[in-house]
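# Structure at a glance
Listed here are the chains, written in short residue letters.
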Amino acid sequence: MSSEQDYFAVGPDPLDLLFAYTLATDLSQGAVVCMVGTVRRQTAGRSVSHLEYEAYTPMALEVFKQIATAIRERWPATGKIVIHHRTGKLALGEASVLVAVGHPHRAAAFDGCEYAIDALKSDAPIWKKEHWADGESDWVVAGSVGAKPE
Amino acid sequence: MSSEQDYFAVGPDPLDLLFAYTLATDLSQGAVVCMVGTVRRQTAGRSVSHLEYEAYTPMALEVFKQIATAIRERWPATGKIVIHHRTGKLALGEASVLVAVGHPHRAAAFDGCEYAIDALKSDAPIWKKEHWADGESDWVVAGSVGAKPE
Amino acid sequence: MKVSIKLFASYREAYGRDEVILELPQGTTCAQVQAHLARESPQLDRWSKIVRFGVNCQFVPPQTALVDGDELVLIPPVSGG
Amino acid sequence: MKVSIKLFASYREAYGRDEVILELPQGTTCAQVQAHLARESPQLDRWSKIVRFGVNCQFVPPQTALVDGDELVLIPPVSGG
């Protein structure tokens, strides 16, 4: 399945929802579902000052491609897929990740988009360091106290 | 549950995804999921020229409010909800409906957003007239040949 | 009593108007109004089993009795989204 | 053989560097490299059971033997999104 329609990116620039949407939509899509993850004020009750993301970019992009392939195997009519993850320092409220999936039918667009973010969170070589208001900071370990499923 | 945070609109102006996203996100949201429905080139194999939407606006807005209430009953931590439906003539590729839901956790943001569009499609007093390339046109009746589930 | 009937989409086109003000006996129900309009415009018949009714922006069952000043909307199958 | 080891997040901080070039005997496996580094920086131990390995941008099992010029990345628990 050609995937040159897709757009994958990992980098420090702020995410652009409109750009992603415009990319993900085309005349054969009936629905585009976008999910944007943002820096929350609190995680597990501890107030956050800011976050820091680090990525092994070449492999993250490779994982994004594999996620797109898997989505198209399950939902063959899926159109364009956009996966964009930010790196570097992020303030409260800023968008850290954006996933957009186009499909002729909305149910599959929802499923594909949710699949993409779940797979990214489990496999993409990207790490989040939480800096809390009390000055402490640590790398988030999924499943540990500091990282409620987001 | 106060819902003054929500934004409901029915009208002819083009939909604004960025506006909806900015509304839907705030510091307590971890995820915002947006779904945009667009005018497809074809429905059930018949090529579309353009669409026309008609709404009983006051009741549609009422239904949107009830949808938001129902979402908050099922997913109490849901933050802001945006539901915006266009009326009037729409060209191919234009966005007809936009739903955005914010929630601290993405799974509930996905579920709430999908619930909203499904409920809108079954209950909102809004009607779509398909104008096909061959000059014919008719009001869409869900479940009839002309209206594959979108 | 006086009731304003709002017509949309296929109803408006079949009936040729988007609003009708009707003078009706007390206690007339929504379903009876639909039947009344369908007698005048037989094309409305195809919806009679699946039309829904809204009174003052709330969905109501077909047997709901109308009161003076109500705004009734006959809702053919919807197709928003 | 020569292998470049890429370290990220908690590994980088624990080991103090983001890349290490190691001269290793033929057939050394990813798991053995992890053990080797952990001997030098015991704080790495807490990940040893859950670290994952990537060779040339693909996930590989711990027992995968490395070859000259490979780029191995030690992947502590990820937290993207």
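Every value quoted in this text rests on a predicted model; they were computed, and no experiment measured them.

The helix and strand tally for chain C stands at two helices and five strands. Along the chain direction, N to C, the helices and strands of chain C fall in the order β-α-β-α-β-β-β. Taken over the C-alpha trace, chain C has a radius of gyration of 12 Å; the compact-globule value for 81 residues is 12 Å, and the two agree within 12%. Along the three orthogonal principal directions, the C-alpha set of chain C runs to about 30 × 30 × 20 Å. Taking all contacts inside chain C whose residues are at least 6 apart in sequence as the whole, residues at least 24 apart take part in 54%. Here chain C displays about 3,800 Å² of accessible surface, and carbon together with sulfur accounts for 54% of that area. Charged side chains of chain C number 8 positive and 9 negative; the gap between the two group centres comes to 6 Å.

What follows concerns the pairing of strand β4 (residues 46-55) of chain B. Residues and elements named next belong to chain B. Across two bridges, strand β3 (residues 42-43) lies against β4 in antiparallel orientation. Counted as the bridge partner of Thr43 is Arg46 from β4. Here β4 runs beside strand β8 (residues 126-132); their pairing, made up of seven bridges, is antiparallel. Looking across to β8, one finds that Tyr53 is bridged to Lys128. Sheet analysis places β4 next to strand β6 (residues 88-91), joined by four bridges and oriented antiparallel. Directly across from Glu52, in β6, lies its bridge partner Lys89.

Here we come to the interface of chain B and chain C. Each side of the interface is counted separately: chain B has 27 residues, and chain C has 21 residues. Together, the buried faces of chain B and chain C total about 2,000 Å²; carbon and sulfur atoms form 57% of this surface. When the buried surface of chain B facing chain C is broken down by residue, Tyr56, Met59 and Trp127 of chain B rank first, second and third, together holding 34% of it. Glu13 of chain C serves as the salt-bridge partner of Lys129 of chain B, at 2.6 Å between the closest nitrogen and oxygen. Every element with two or more residues in the side of chain B that touches chain C is listed here: β4, α2 (57-74), β7 (95-103), α3 (106-123) and β8 of chain B. A class-by-class count of the residues in the side of chain B that touches chain C yields 17 nonpolar, four polar and six charged.

Attention shifts here to α3 of chain B. Here α3 of chain B contains 18 residues, and its C-alpha end-to-end distance of 25 Å stays within 8% of the 26 Å for a straight helix at 1.5 Å per residue. Among the residues of α3 of chain B, those classed as buried are Arg106, Ala108, Ala109, Phe110, Gly112, Cys113, Ala116, Ile117, Ala119, Leu120 and Lys121 of chain B. As for α3 of chain B, its buried residues are in contact with β2 (31-38) and α3 (106-123) of chain A together with β2 (31-38), α2, β5 (81-86) and β7 of chain B.

A separate point is the relation of the copies chain A and chain B. After a rotation of 180° and a shift along the axis of 0.0 Å, chain A superposes on chain B with an RMSD of 0.0 Å. Taken together, the rotation angle and the small translation identify this as a two-fold axis. Measuring from the rotation axis to each C-alpha of chain A, the shortest distance belongs to Cys34 of chain A, at 2.6 Å. Most of the interface of chain A is mirrored in chain B, where 100% of its interface residues are also at the interface.

Turning our attention to the packing of aromatic side chains. All names here are of chain A. According to the stated counting rule, one finds ten aromatic pairs over all chains in the structure shown. Measuring from centroid to centroid gives 5.1 Å for Tyr7 and Phe19, while their planes differ by 85°, and the two rings are edge-to-face. Of this pair, Tyr7 sits in strand β1 (residues 7-11) while Phe19 sits in helix α1 (residues 17-24), and the two are twelve residues apart along the sequence. Residue classification places Phe19 among the partly exposed residues on the basis of a relative accessible area of 39%.

On to α1 of chain A, then. Residues and elements named next belong to chain A. Along α1, the residues that are buried comprise Leu17, Ala20, Tyr21 and Ala24. The buried residues of α1 all sit within an arc of 100° when viewed along its axis, so they share a single face. Capping the start of α1 is the job of one residue whose side-chain oxygen sits 3.1 Å from the backbone nitrogen of Leu18: Asp16.

Criteria and cut-off values
- Residues numbered from 1 in each chain as written.
- Chains lettered and ligands numbered in written order.
- Predicted model: local features only at pLDDT ≥ 70, side-chain atom pairs only at ≥ 80, totals over all residues.
- Heavy atoms only, no water.
- Helix = DSSP H or I, 4+ residues; strand = E, 2+ residues; numbered from the N terminus.
- Rg over C-alpha atoms; globule rule 2.2 N^0.38 Å.
- Contact = heavy atoms within 4.5 Å.
- Areas by Shrake-Rupley, 256 points an atom, 1.4 Å probe, with all protein chains shown as cover.
- Lys, Arg positive; Asp, Glu negative; His and termini not counted.
- Charge placed at Lys NZ, Arg CZ, Asp CG, Glu CD.
- Pairing = 2+ DSSP bridges.
- Buried area = accessible area lost by both parts, 1.4 Å probe.
- Salt bridge = Lys/Arg side-chain N within 4 Å of Asp/Glu carboxyl O.
- Nonpolar A, V, L, I, M, F, W, Y, C, P; charged D, E, K, R; others polar.
- Expected span 1.5 Å × (residues − 1).
- Buried < 20%, exposed > 50% of the residue type's maximum accessible area, 1.4 Å probe, protein only.
- Least-squares fit on C-alpha atoms with pLDDT ≥ 70 in both.
- Phe/Tyr/Trp six-rings, centres within 6.5 Å; stacked < 30°, edge-to-face > 60°.
- Arc of directions from axis to C-beta.
- Polar contact = N/O pair within 3.5 Å; in protein donor to acceptor, adjacent residues only side chain to side chain.

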